[in-house]
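Read off the chains here:
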Amino acid sequence: MTRGGHVMADADCRGTWMRKFLIILQWALASACVLTMVSLPISLETQLVASMSVLVAMMILKLVRPDGIWRLVALAFGTAIVMRYVYWRTTSTLPPINQLENFIPGILLYLAELYSVMMLALSLFVVALPLPSRPSRANLNDRLPTVDVFIPTYNEDPELLANTMAAARGMDYPPDRFTVWLLDDGGTLQKRNSERMVDANNAERRNEQLQKLAADLGVNYLTRDRNEHAKAGNLNNGLSQSSGELIAVFDADHAPARDFLKETVGYFDEDPRLFLVQTPHFFLNPDPVERNLRTFEQMPSENEMFYGIIQRGLDKWNASFFCGSAAVLRRSALVETNGFSGVSITEDCETAIELHARGWHSVYVDKPLIAGLQPATFASFIGQRSRWAQGMMQILRFRFPPLKRGLSIPQRLCYMSSTLFWLFPFPRAIFLVAPLFYLFFDLQIFTASGGEFMAYTLSYMIVNLMMQNYLYGAFRWPWISELYEYVQTVHLLPAVISVILNPRKPTFKVTAKDESISTSRLSEIGKPFFVIFGVLLIGVAMTAYKVYAEPYKADVTLVVGGWNLLNLIMAGCALGVVSERGERAATRRVKVSRRCDFEINGKWHKGTIENVSAFGARVTVLGPELEDLARDAKAGIRFKMFADGTEAVLPVTIRNFERTADGIAVGCLYQPSEAVHHRLVADLIFANSKQWEQFQLSRRGNPGLLRGTAWFLRMAIYQTYRGLVYFWRDLSGRKPTAPLGQLAEKRP
Amino acid sequence: MRSALLLLLLLSASPTAAQTPFDMSGERPAASPAPQSMTSPSVPSATPPAATPPVSAAPLGATPPATSNSAPVEPEVQQAATEPSKRYLVPFTELVLAGEYAQRSWSVFLTPEQAASASEIHLGYQNAIVVAPEASRMTVSINGTTIFDEPIAAADNAADIVTAVPPRVLHAGLNDIVISAVQRHRTDCSIQSTYELWTQIDLARTFLVFDAPDASHWKRVEDLRAVGVDESGATTFNLIVPSMAQTVSTSPTIRLGEALALMANMPNQAFEVSEDDLPEAGPGVAKVVLGPAADVAKVLSAVPQGAEAGPVATVVDDPKLGPSTLVISGPNWQAVDMAIDDIARQVDRPAGSLRTSLGTRNWRTPDVPMLLGAGSFKFSDLGVNTLEFSGRRVRTDFAVGVPSDFYAGAYGQAKILLDAAYSQEVLPGSHIDIYVNDNIAATVPITTVGGEILRHLPIKVTMRHFRPGDNTVAIEAVLLTQADTVCAPGAPSSGGQRFAVFDTSEFVMPDFARVARTPDLAAISGTGFPYGRVDYALPLIMDRAQSETVSAGVTLLARMSVAAGRLIAVDASTAASAVADRNAIFLSALSQVPPTVLAQVGVSGNSSSGWGEAVASIKPNTETTFDEWRQKLSGSGWRGQISSFEDWMTRTFNISMDSFRIFPGRPAEYTPQGSASLLVAQETSPSAGGTWTLVTAPSASALREGVRTLTQQRMWRQLGGHLTTVDSGDDKVVTLPVTHFSFVETQPFSLSNYRLIVANWLSANALSYAVVLTVLSILLGLATAGLLGSLGRHR
């Protein structure tokens, strides 16, 4: 570049800075105007008229143009109402300080609300304009850097690992340019020399078994002497033993699609300061909430909001962070921080903060490229969430993102949003209890009249829901966030309090994901939900009594009672969450359509594989008669692999069969015994990431606030009933002979 | 002349040991001839001479230097002594003590002679038949001494209570009188029944009688403050201006009227201006002669000494006009003006000084404190004492003043930090209500069973009903108990105290927006705004030839001066065409009002024919009848439920269609009609530089009557809106609300004041707020879009 070019670039640069400054000024001015307007001490009637107008405007915008600039305008509307609420709440609803019995709970409730508003503000910032999905890089890679693929494991089944390893090995990338490492922490020397004989034995056996499996699948097995620093230590051990330019990390149960590396490694050459390419976690099985409420097929998963919107929002601010798996990292970046950080039990996010603070960049690719499993039981789900919450608290304590040097201001806000989110058990608990203060003890912790509640609180709540709908629309249906937060709160609250008190105490616990529930039962940690439900129910009775007995304050009683009723509906729905359905299929079936040959009694028939899961497949077979088939009979499926075009036979056993219009539908269970079988299974399930995307899209729809609320209400009522039925069965000690879940679950 | 002036000054200033109700302490320039005013800041002691510096002690009483006044009085004193002098006590047009507990307090000004005299108090009253005599008592106290405490037992016939006032209870200057009644129902214990309890005080039979022969005689100009009231609660000044036909006399007459009004400061004052003596005489009537010596000689049997030489203001007992006649004279009009100025100086308030209280002691003690911004008062400072109560419904009140540029009616909320207690007897469902100017402003339900002590319980009080000037805030507790539900016969008054309000409670006024509006007649009523502030002689356009019109003018300007707390300089010689763009008052019969003025204030001049004739309204009003039926049927069935929800909405949010106007239009021209006898209308002057107020009536006599009715305390405070009509016959005041106004800045620019002004305006125009908020939100949305477009990653 010539000298002249430099000058021009400088002028250009100054020009853009000037423009940027003006734009910021303009925004600050607009904000100041809105703020001034919002902080006027206007009368109640004006507030009512204004909030109604804004609500109507938001609804019209929703119907006409819910995207682009109009989405931001609608959010600005919402923000104005929320700010008016905060202004009013601060200036005229706090109980007087000389009534301590009212003041203390009153202030707690106020702080809880302020927290919610702050989190809303942070999420507004994060997801105001999520980055659109990047175009695929799959065919642009001119250079193929060397990649080490790490699969850390602790106690997962070899079978599960085999699928993951097979899928990893099957990735579409030159075999000599990537190495797959099984990082086994379950077979370390420390474990093998355990004082407890059984443990030592198990570890020894695992060590041998995995070594063999790894060798069969062409994977490097690696273990270490001591289980120090848990997962981070394990990964660091892998780092020290390998030399690839890039590191891909997959959890033991996260099997990559064939195009994983193709879609991700390209970014590293585009940006030399890039340390991370993160991809979403896509789950084949429902989490316990989805499973027990049976929403998995129709409603977007809980984590889809995070991977579908929030990570894209974070990506806009260069703050997309490492989620422990399904990501590619640059070795040279990790070397700077001596590998993965292990101060907290969420090493992933912690590592990302460190590297962001050092000026490294991250990229998020919004395309499911791995498929994994999530905890099946409510207890292990809570265990997983406890780890996340505690880890984030540790990060907040030890790294304090808002003041972390090196982070840009947007990054600080983003990390604040991600970490502070996990304080939600406190406000949730307060919201749950607050109405009871009034209903049971007559405490006035929120001094407002029925009319003020209507003009301020109600409009705030509606606006809040509408804003959520604007922000997350198709990714999160109304009330679902509240439900998830509530079901976690009960057990997360003590966990969060404990980590706040003893920030160094929590240890890394691996979440179990391969459990299955054969019979319907109450979750072992579900009892508190019934107690809470009972108390809230008494609160409702109390409301009715108060309205009848104290008609002179019926307006306030009705408002508070309505709030309590809302809590009760939520608690009722949660009863369904902790009532675990017994289930036949352990994992979700992915729809595929692949030609195959099906072997029965040594005879080959033409067939089509209709759908597959991690454990079995369903095949429509042409030709044979029903008499040829038998339960538990051995059979085989032969098909062509996507990976290399070779054919092989996957041994199965027949579980069930029935005649359909096209032939005979056969449900079968894999019986893999050799490495090649795992490759076949992996190829069936994981080879094609398109099918996962399609599945996600199929349940991504925005029901809207009204329809969503009605749907939630219907579900809550049914789940309350189901929960109570389970509870009664549990009390009477009868084993459920025909669990509701199983009966309902009978589908092909 | 010099010595005469000095004498006059000493005379006029002597008994000011009593603090004047205008709060002039320290405001007078050092050169002013009233060193005595510094003496006693509190209620005057019983012995005023002791409190007065020796210099001025000389002219007091009957000591030789004062004989110039007292000498000619002698024969009159004998005459008057045949009839004991009465001092009517009640400064109201009506005094009814209603409910289970009622109290009124005010002050009565007494001359030293009256205070020194032996006296007895008469009180005539009648009460409702349902008042139980054994449980009901009436108490009167003067200066803190209980004069009597008698059962209320005059259900059948009016009764008189006559008691001697103990010696040394009365003192010269202001004497505080408190009358209170506790009443219980004979048979009923319901809340409703408390509304049936009343005791009416007979004004004509309630007075002090003084034994001393000179008690009814005034000796000093200052004694005019003891003018008192007549048996209907009114005070009349007969201004005898022999040369009233001369143009030069009008302004001094008005100025004197204002000064006298401020001095006497009675609630219902009227001025009758005439060339010659008027027959009226007796308590509550003051005779004042005004004019140069040559003129006053026509009506007086003897011109006061020195009037030929210099300004004179003195009280004489004139054989022709009667005793205690105030003469203001001098060799010429300039000297008369000086004599008026000397009186005026005592009661005037410098233009720049802030008003800290409104002088109301003559009808309500204590003086009403003025709130010019954020501030708070303890109940004890507002005259509310700790009150314990054993009945069902108790009401106590206090008053606070707000300035004429108070502009927080739409959004503002004052706060009462209530210290109160209720016993365990009191059931939930009881409530404490706050009334502002008799409009409900807040309700606090009592919800706790088993009694409670409320400590500084904050009660938000909407300021919607606050008006410029004094505002009454009442606290009413409605108490339900089990005992009352049972209502055991014979035990209606049993039981201990149920409720207490403590005088440590506070009234807290937040910062409020301050900007005046035109038109706003309530501002005139409250503080004489804007005329109380003008720094030029206010053009007063009236027909000077008619004594009725002049009387009306003096009465009105005097009333406005009292409201303003200072004299309003008036120029009565300006022609209507010369007013230009200044403030002005137009006072004439409708036929004489210039059409341009009528058009400016929005009054139609052409249908004046039928105005003023009382027409009985026999035509049924369909709308009212319909409303009555709706009222009758409301609350029944589901339709009733809906309409009660509607009522709740209206009550809670005060939403009216007015809230939805964005650009209010000018109101239609008002056509005066019907039996209203007086019309007051206000509007900005043509170029919006001043405020024009038109006071008109069908005829000059109707004008005088109308102004007289309007200036009565009870009526005066109802003056408001853009236009007010007064029906002297029915004592009915009708106001037309302000629909279109312009702001008049009264405060130096400050951001916080502007913010509050905007808040109030937007609160009154709800839709405007919604529109502004919407527009700003859209701008913010667009700005955010721009911001997000330039910050962060884009792809």
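Residues numbered from 1 in each chain as written. Chains lettered and ligands numbered in written order. Predicted model: local features only at pLDDT ≥ 70, side-chain atom pairs only at ≥ 80, totals over all residues. Heavy atoms only, no water.

A word on the sheet that holds strand β34 (residues 732–736) of chain B. Residue and element names in this part refer to chain B. In spatial order, the strands read β29-β28-β30-β32-β31-β33-β34; together these seven strands make up an open sheet with mixed pairing. Strands at the two margins of the open sheet, each flanked by one partner only, are β29 (570–571) and β34. Pairing of strand β31 (residues 678–684) with strand β32 (residues 691–697) involves six bridges; the strand directions are antiparallel. Residue pairing across strands places T684 opposite T691, the latter belonging to β32. (Pairing = 2+ DSSP bridges. Helix = DSSP H or I, 4+ residues; strand = E, 2+ residues; numbered from the N terminus.)

Below, the discussion takes up the nonpolar core. Core analysis: the biggest nonpolar cluster contains 163 residues, and F379, F398, I416, F466, F507 and M509 of chain B have the highest contact counts within it. It is helix α3 (residues 68–92) of chain A that contributes the most residues to this core, 12 residues altogether. For F507 of chain B, the contacting residues outside a window of four places in its chain are L371, G375, S376, F377, F379, L382, F398, V400, A414, K415, I416 and F466 of chain B. Core analysis: the second largest hydrophobic core is formed by 76 residues, F268, I600, I637 and A682 of chain A among them. (Core = buried A, V, L, I, M, F, W, Y, C linked by side-chain atoms within 4.5 Å. Buried < 20%, exposed > 50% of the residue type's maximum accessible area, 1.4 Å probe, protein only. Contact = heavy atoms within 4.5 Å.)

This part covers the interface of chain B and chain A. Across the boundary between the two partners, chain B contributes 52 residues, which contact 59 residues of chain A. Carbon and sulfur atoms supply 71% of the area that chain B and chain A bury against each other, a total of about 4700 Å² over both sides. One can count two salt bridges joining chain B with chain A. Between E452 of chain A and K460 of chain B there is a salt bridge, with the nearest N and O atoms lying 3.9 Å from each other. On inspection of chain B and its partner chain A, the count reaches 14 residue pairs in polar contact (both at pLDDT 80 or more). Elements with a contribution of two residues or more to the side of chain B that touches chain A: β23 (452–462), α16 (637–653), α19 (751–764) and α20 (766–790) of chain B. Broken down by element, the side of chain B that touches chain A gets its largest block of residues, 21 residues, from α20 of chain B. (Buried area = accessible area lost by both parts, 1.4 Å probe. Salt bridge = Lys/Arg side-chain N within 4 Å of Asp/Glu carboxyl O. Polar contact = N/O pair within 3.5 Å; in protein donor to acceptor, adjacent residues only side chain to side chain.)

Attention shifts here to the packing of aromatic side chains. The full count for this structure, using the stated rule, is 41 aromatic pairs over all chains. Between W88 of chain A and F446 of chain A the ring centres are 5.9 Å apart and the planes differ by 45°, which places this aromatic pair in the tilted class. Of this pair, W88 of chain A sits in helix α3 while F446 of chain A is found in the loop between α17 (425–441) and α18 (450–472), placing the two residues 358 residues apart along the sequence. Taken individually, W88 of chain A and F446 of chain A each receive the classification buried, so the pair is uniform in this respect. Between F92 of chain B and W106 of chain B the ring centres are 5.3 Å apart and the planes differ by 80°, which places this aromatic pair in the edge-to-face class. Linking F92 of chain B in the loop between β1 (85–88) and β2 (95–98) with W106 of chain B in strand β3 (residues 101–110), this pair joins segments that are 14 residues apart in sequence. Judged by relative accessible area, which is 11%, F92 of chain B ranks as buried. Pairwise contacts between aromatic rings join Y85, W88, F446, F453, Y456 and Y460 of chain A into one cluster. The cationic tip of R273 of chain A hangs over the ring face of W360 of chain A; the distance from NZ or CZ to the ring centre is 3.9 Å. Between the NZ or CZ atom of R722 of chain A and the centre of the ring of Y726 of chain A, over which it lies, the distance is 5.0 Å. (Phe/Tyr/Trp six-rings, centres within 6.5 Å; stacked < 30°, edge-to-face > 60°. Lys NZ or Arg CZ within 6 Å of the ring centre and 35° of its normal.)

Glancing now at the sheet that holds strand β19 (residues 393–402) of chain B. Residues and elements named next belong to chain B. Here four strands make up an open sheet; going across it, the order is β19-β24-β21-β22 and the pairing antiparallel. Strand pairing shows two members of the sheet lacking a second neighbour, β19 and β22 (439–445), which therefore form its edges. This sheet shows a mean twist of 20° between the axes of neighbouring strands, independent of strand direction. Note: strand β21 (residues 431–436) against β22, six bridges, orientation antiparallel. (Axes fitted to C-alpha atoms, helices over the stretch in contact; angles between N-to-C directions.)

Tracing the backbone shows S417 of chain A in helix α16 (residues 409–420). The exposure class assigned to S417 of chain A is buried, which follows from its relative accessible area of 12%.

Let us now look at the packing of α3 of chain A against α18 of chain A. Helices that pack against each other are described as a pair by the angle of their axes relative to one another and the distance between those axes. Residues and elements named next belong to chain A. Remark: α3 packs on α18, axes separated minimally by 9 Å, with the N-to-C direction vectors making an angle of 145°. Of the two elements, α3 crosses α18, and the hand of that crossing is left-handed. Taken together, the residues of α18 that come into contact with α3 (itself represented by R71, A74, L75, G78, T79, I81, V82, R84, Y85 and W88) are E452, Y456, T457, S459, Y460, V463, M467, Y470 and L471. Taken together, the residues of the contact of α3 with α18 sort by class into 12 nonpolar, four polar and three charged. (Left-handed = near helix turned anticlockwise from the far one by under 90°. Nonpolar A, V, L, I, M, F, W, Y, C, P; charged D, E, K, R; others polar.)

In this section: the environment of A116 of chain B. All names here are of chain B. Tracing the backbone shows A116 in helix α6 (residues 112–116). Given a relative accessible area of 67%, A116 falls into the exposed group. Separated by 315 residues in the primary sequence, A116 and H431 place their C-alpha atoms 48 Å from one another.

Residue and element names in this part refer to chain A. Confidence in the prediction of chain A, expressed as mean pLDDT, is 87, and 95% of residues score 70 or more. Segment residues 1–5: pLDDT under 50, and one contact once partners within four positions in sequence are set aside and those in other chains are kept. Within the model, pLDDT remains below 50 along residues 736–748, and this stretch shows 21 contacts once partners closer than five positions in the same chain are excluded. (pLDDT = per-residue confidence, 0-100.)

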